[in-house]
Amino acid sequence: MNLRFVEAFYWVASLKSVTRAAEKLFLTQSAMSSRIAALEEELGVLLLDRRDKHFKLTVAGSRFLTYAKRMLELQRQLKVEMGSGGPLEVSMRLGAIESVLHSWLIPWVEQLRKDNPLLELELTVESTPVLLDQIRRGTLDAVFAALPASADGIRSQAVTPMEMVFVGNSKIHRKRRYALSDFVDTDILTFQRGSQPHVYLLDTFRNAQVEPRRVHTVSSISAMVQLVQGGFGVATLPRLAVERMLAFPDLRALACDTVLKPLPIHVSYREDPSSPAMDAIVRSALDFIDVIPATPKRGSRRKPTAT
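### Description of unusual backbone geometry
- The backbone of Lys16 shows a phi angle near 55°, a positive value even though the residue is not glycine.
- Among the secondary structure elements, Lys16 is positioned in the loop between helix 1 (3–15) and helix 2 (18–24).
- Judged by relative accessible area, which is 45%, Lys16 ranks as partly exposed.
- Phi at Phe26 is positive, roughly 55°, even though this residue is not glycine.

As structure tokens, this is what we get:
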């Protein structure tokens, strides 16, 4: 039995789409359909129900999916056991929110490329809702977002949350320490409306019975930084991102009596029973985050769970 045909069926069943599975394996839709048809002919049963427009496995297809996953996992184990242990050959479609991009994603990718020179990367930077939708649809292989993805075949794990701070212009905001009430007459900038930093910030002011003059929502960290640099107001940003903004010398993290709630970060990724690459990449990211300077260590690491 041709394992490439088995792999094709596995991704069609997992992504619930011949088109998305073809994109995942870098095949044409006709080539993908031919592989499924050849597998059906060899097995002597129909695996896909083609009677209507909605994707559906036949009874035989549902049963074979279990065997397909076992076969691909065995193939992976054989590769690990018998392989040379050389660099990973993998094309990774990675997604991340801006907070991750500006904090540690780039140096991690640089390190990953050094360790695995055969890595081919496709990077998407989007908001959490967009990233979660894309990984559920199978157009991304892994995402770093503020919420975990929940779908069959996807694993999610919480990683170190990001410390959030108030950020001002050092030429304007010169106090050694601020109280929340000091921001009453200040324009506050935070992430897009409905995002976790936006919701957390409003809750923080509400609980303290303090109402700032205006709260502006901005989807771009670069835009927020430039606005603060220009004296527009005070922003809430990840501390690590601010420390890496060396091109903006007037940025200053403001010491405040009120501690902002950290931004949770989750890595979600699609299981690939045919390759150890994705598990290795996720472990690489977790290990990299553990040793980032000025980043608090996470406690006991939770085992990834299928969701």
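There is more to say, and it comes next.
### Describing the confidence of the model for the chain
- For the chain, per-residue confidence averages 87 on the pLDDT scale, and 92% of positions sit at 70 or higher.
- Note on residues 294–307: pLDDT is under 50 here. Beyond four places in sequence and across chains, it has 35 contacts.

### Some points on the sheet that holds strand 8 (residues 234–238)
- Spatially, 7-6-8-5-9 is the arrangement adopted by the 5 strands of the open sheet, whose pairing is mixed. The sheet terminates laterally at strand 7 (214–217) and strand 9 (251–254), the two strands that pair on one side only. Pairwise comparison of adjacent strand axes, ignoring direction, gives a mean angle of 35° for this sheet.
- Relative to strand 7, strand 6 (residues 187–190) runs parallel, the two being bridged by 4 bridges. If you follow Asp187 over to strand 7, its bridge partner there is Arg214.
- In the packing of helix 7 (residues 196–207) onto the sheet, contacts are made with strand 5 (164–169), strand 6, strand 7 and strand 8, and the angle to strand 6 comes to roughly 145°.

### A word on the packing of helix 5 (residues 98–115) against helix 10 (residues 277–290)
- Two elements in contact, helix 5 and helix 10, have axes separated by 10 Å at closest approach and are oriented at 125°. Between helix 5 and helix 10, the angle falls in the class oblique. The interaxial crossing formed by helix 5 with helix 10 has right-handed handedness. Contact with helix 5, carried on its side by Trp104, Pro107, Trp108, Gln111 and Leu112, involves Ile281, Ser284, Ala285, Phe288 and Ile289 of helix 10 and no other residues of that element.

### Digging into helix 6 (residues 128–137)
- For helix 6, the complete set of buried residues consists of Thr128, Leu131, Leu132, Gln134 and Ile135. Looking straight down helix 6, one finds that the buried residues subtend no more than 165° of arc, so they occupy a single side.
- Packed against the buried residues of helix 6 are strand 1 (91–96), strand 2 (120–125), strand 3 (142–145), strand 4 (154–162) and strand 10 (263–270).
- Downstream of helix 6 by a residue or two, Gly138 has a phi angle that is positive, lying close to 90°.

Calculation rules
Going along each chain's sequence as written, the residues are numbered from 1 onward. Note on the predicted model: pLDDT of at least 70 is required for a residue's local features to be given, and 80 or more for side-chain atom pairs to be given and counted; whole-chain, interface and lining totals, by contrast, use all residues. Water and hydrogen atoms play no part in the side-chain values, which are based on all heavy atoms of the structure. Strands here mean DSSP runs of E at least two residues long; helices mean DSSP runs of H or I at least four residues long; both are numbered from the N terminus. Partly exposed describes any residue whose relative accessible area lies between the buried limit of under 20% and the exposed limit of over 50%, with all areas from a 1.4 Å probe on protein chains only and scaled to the type maximum. One number per residue, pLDDT, summarises how confident the predictor is, and it ranges from 0 to 100. Pairs of residues are marked as contacts when any of their non-hydrogen atoms sit within 4.5 Å. Note on pairing: DSSP must find at least two bridges between two strands before they are called paired. To obtain an axis, a line is fitted to C-alpha atoms, over the contacting stretch when the element is a helix, and the angle between two such axes runs from 0 to 180 degrees between their N-to-C directions. In these notes the angle categories are as follows: under 35 degrees is roughly parallel, over 145 is roughly antiparallel, 65 to 115 is roughly perpendicular, and the rest is oblique. Here is the rule for handedness: rotate from the far helix to the near one, and if that takes an anticlockwise turn smaller than a right angle the crossing is left-handed, while a clockwise turn gives right-handed. The arc under discussion is defined with respect to the helix axis, by the directions toward the C-beta atoms.

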